[in-house]
Amino acid sequence: MENRFVYADNAATTPVAPEVVAAMTPYLTEYWGNPSSMYSKGREARRGLDEAREKVATLLGAQPNEIYFTSGGTEADNWAVKGGARYMRKKQGRTHVITSTIEHPAVLRSCEALEREGFRVSYVAVDKNGILDMEKFKAELDDDTAIVAVMFANNEIGTLQPIEELTKLAHEKGALMFTDAVQAMGSVPVNVRELGVDMLSLSGHKFNAPKGTGALYMRRGLKIDKYIDGGGQERMMRSGTENVAGIVGLATALELAVSRLPDTERIRKMRDRLADYILKNIPHTIYNGDPVRRLPGNLNISFEYIEGESLLLLLDMAGICISTGSACSSNSLEPSHVLLSIGLPAEKAHGSMRVSLSHLNTDEDVDYIIEKLPGIVARLRAMSPIYPGEGK
Amino acid sequence: MQYSEKVMDHFAHPRNVGEIENADGVGTVGNATCGDIMQMFLKIENDVIVDAKFKTFGCGAAIATSSMATELIKGHTVKEALELTNKAVVEALGGLPAIKIHCSVLAEEAVRAALADYYKKIGREIDFEVPEAEENVCHVHEIPEE
Ligand SMILES: Cc1ncc(COP(=O)(O)O)c(C=O)c1O
Ligand code: FES
């Protein structure tokens, strides 16, 4: 096959869709007013903002006044976790937080910040497939639990958590339920009413909207403390002149993503074909995560005896973008906490590769990965001092 | 984080990959838990390193520094090879990102470990520091100020 560029790291970010750029452009060039201004230039921007809020609300099964736009997933996560916990302590004296060991750092570091404020945090383990251990979860949950924060879909291994069930259990004990749906949004159906959650975060750049856009859904009637003080935008809850064009882009992108959901099967098939090929043809490989309860585009595989950063670099030279949970490619020089949490030994986490496909990928992309990957893995193994050789 | 052109060249086209049969000195440093293992093979004649080969499990910097280290010691005396520092390897590669300096330390240590093995084999007293094999201790060396 001819050399191609294959972007297979859609869990990291996605390109902005042309339709999204088209929807945004008028809000940069023409309707550039401040939505808080009363004159017509401001009202044009306000209209775009209102329409976007309605669109996002409808797509989520929410009301417009339950949507707060933020600067992305990280801000929404921080706000929900810290704000939710503090709110419940103030209202009911609750001082306990439950989360999982495989959350995104935006949630984990927020929980650690709460620990420094005197909260007790339970980091509930997941099983070897990455699904939350329900028995351990139930054992932690009690009348002191302020908030439960468990992600809808994991960013590394794609596992889907039983959010509806967790929500019921949390509510039985009077705790708030928050889910980080950043990876799920646009890839699987997400409806806040069906889930019953109190709060949910999403991030635009994971579904073809620009970076720096996101939202927090907060159930009507719940009013945790605002997170950013200022001029009182977002109904006094999240100040800062609104990123109107970005918000319009987010709403447009979400609409497109949801309209594409019926086509998810194609992405799942591409992913499964790649997985099957690798597992059958490359020896010493490990499938990480759950084969069924998983985002359709996510694949995570460990190649034993090689290290992920070198794999990433060689694939990049072949035009393929993937990511790895290796320590060597992280700023902390720690292997992925998610892979360690599912019981993978560090040396196997080092050799992990995450492929995340989207609707923009094609069968030719998968063919190309299948063509390039085995040789690259073999090449690294040939220079690995710990590779025992094939069939050993 | 970005690698220099020289690093990418040595990573993409590593020099002296492989093993030497009946090597006069073999050294292995690092451990798989930390994500890096370097193995150095030396062929030595009259105290001159006539051939050097390596095998590395590790990142781009680990592979590039192993490759460069073998280049820097080949044709040199054992004494000269003992003076090889990780700094020299880094400089020869046109620099490394701060977070990757520890990989170059591994390259220096791999050379020393192989030379220690050589000394032991010929019954010479080891009068230099030999990296100790440590299980499950991952070293992140001091990150120098930018
Ligand atoms: C699960 C999850 N939560 C939160 C975030 C953070 O989102 P953002 O990049 O918009 O801050 C990400 C993206 O990296 C993510 O994958
Ligand atoms: S071998 Fe892990 S950072 Fe270089």
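Fair warning: this is a prediction, and the values are worked out from it, not measured in the lab. (Residues numbered from 1 in each chain as written. Chains lettered and ligands numbered in written order. Predicted model: local features only at pLDDT ≥ 70, side-chain atom pairs only at ≥ 80, totals over all residues. Heavy atoms only, no water.)

(A) Just the overall build of chain B, in detail. For chain B, the count of helices and strands is five helices and three strands. Listing every helix and strand of chain B by position from the N terminus yields α-β-β-β-α-α-α-α. The C-alpha atoms of chain B give 14 Å as radius of gyration, which agrees with the globular expectation for 146 residues (15 Å, within 12%). Structurally, chain B occupies a C-alpha span of about 45 × 30 × 25 Å along its principal axes. Looking at the 146 residues of chain B, the share that counts as buried comes to 53%. In chain B, once contacts between residues fewer than 6 apart in sequence are set aside, the share between residues at least 24 apart is 61%. (Helix = DSSP H or I, 4+ residues; strand = E, 2+ residues; numbered from the N terminus. Rg over C-alpha atoms; globule rule 2.2 N^0.38 Å. Buried < 20%, exposed > 50% of the residue type's maximum accessible area, 1.4 Å probe, protein only. Contact = heavy atoms within 4.5 Å.)

(B) Geometry of the overall build of chain A. A count of helices and strands for chain A gives 14 helices and 12 strands. Radius of gyration (C-alpha) of chain A: 22 Å, near the 21 Å computed for a compact globule of 392 residues. Principal axes of the C-alpha set define a box for chain A whose edges measure 70 × 50 × 35 Å. Sorting the 392 residues of chain A into buried and exposed places 58% on the buried side. Taking as baseline every contact in chain A between residues at least 6 positions apart, the subset at least 24 positions apart corresponds to 72%.

(C) The arrangement of the interface of chain B and chain A in detail. Each side of the interface is counted separately: chain B has 26 residues, and chain A has 22 residues. Note on chain B versus chain A: buried area summed over both sides is about 1,900 Å², and carbon and sulfur give 71% of it. For chain B, the biggest contributors to the area lost against chain A are Phe11(B), Phe57(B) and Ile99(B); these three give 28% of the whole. At the boundary of chain B and chain A, one finds one salt bridge. Between Glu309(A) and Lys100(B) there is a salt bridge, and its shortest N-O distance comes to 2.6 Å. Counting across the interface, chain B meets chain A through 10 residue pairs in polar contact (both at pLDDT 80 or more). Where the side of chain B that touches chain A is concerned, the elements lending two or more residues are helix 1 (5-12), strand 2 (36-45), strand 3 (48-57) and helix 2 (60-73) of chain B. (Buried area = accessible area lost by both parts, 1.4 Å probe. Salt bridge = Lys/Arg side-chain N within 4 Å of Asp/Glu carboxyl O. Polar contact = N/O pair within 3.5 Å; in protein donor to acceptor, adjacent residues only side chain to side chain.)

(D) Broad picture of helix 9 (residues 244-260) of chain A. Residues and elements named next belong to chain A. With 17 residues, helix 9 extends 24 Å from end C-alpha to end C-alpha; this agrees with the ideal 24 Å at 1.5 Å per step. Across the 17 residues that make up helix 9, a large majority, 12, are buried. Close packing links the buried residues of helix 9 with helix 1 (18-24), helix 2 (26-29), helix 3 (40-60), strand 2 (67-70), strand 7 (199-203) and strand 8 (214-218). (Expected span 1.5 Å × (residues − 1).)

(E) Quick look at the site of ligand 1. Residue and element names in this part refer to chain A. Taken together, 13 residues are adjacent to ligand 1, and Thr74, Asp180, Gln183, Ser203 and Lys206 come closest. Thr74 has a polar side-chain atom sitting 2.5 Å from an oxygen atom of ligand 1. A distance of 2.8 Å separates an oxygen atom of ligand 1 from a polar side-chain atom of Gln183. Here ligand 1 loses 86% of its free accessible area of 390 Å² to cover by the protein chains. The leading source of residues in the shell around ligand 1 is helix 4 (residues 73-92), at three residues. Here the residues of the shell around ligand 1 sort into two nonpolar, eight polar and three charged. (Near = heavy atom within 4 Å. Areas by Shrake-Rupley, 256 points an atom, 1.4 Å probe, with all protein chains shown as cover. Nonpolar A, V, L, I, M, F, W, Y, C, P; charged D, E, K, R; others polar.)

(F) Geometry of the domain arrangement of chain A. All names here are of chain A. Parsing chain A into structural domains produces domain 1 (18-259) and domain 2 (262-382). A separation of 28 Å is found between the C-alpha centroids of domain 1 and domain 2. Each side of the interface is counted separately: domain 1 has 26 residues, and domain 2 has 21 residues. Between domain 1 and domain 2, a total of about 1,800 Å² is buried, with carbon and sulfur atoms accounting for 55% of that surface. When the buried surface of domain 1 facing domain 2 is broken down by residue, Asn129, Glu156 and Ile157 rank first, second and third, together holding 34% of it. The tally of links from domain 1 across to domain 2 stands at zero salt bridges. (Domains from an automatic or database assignment.)

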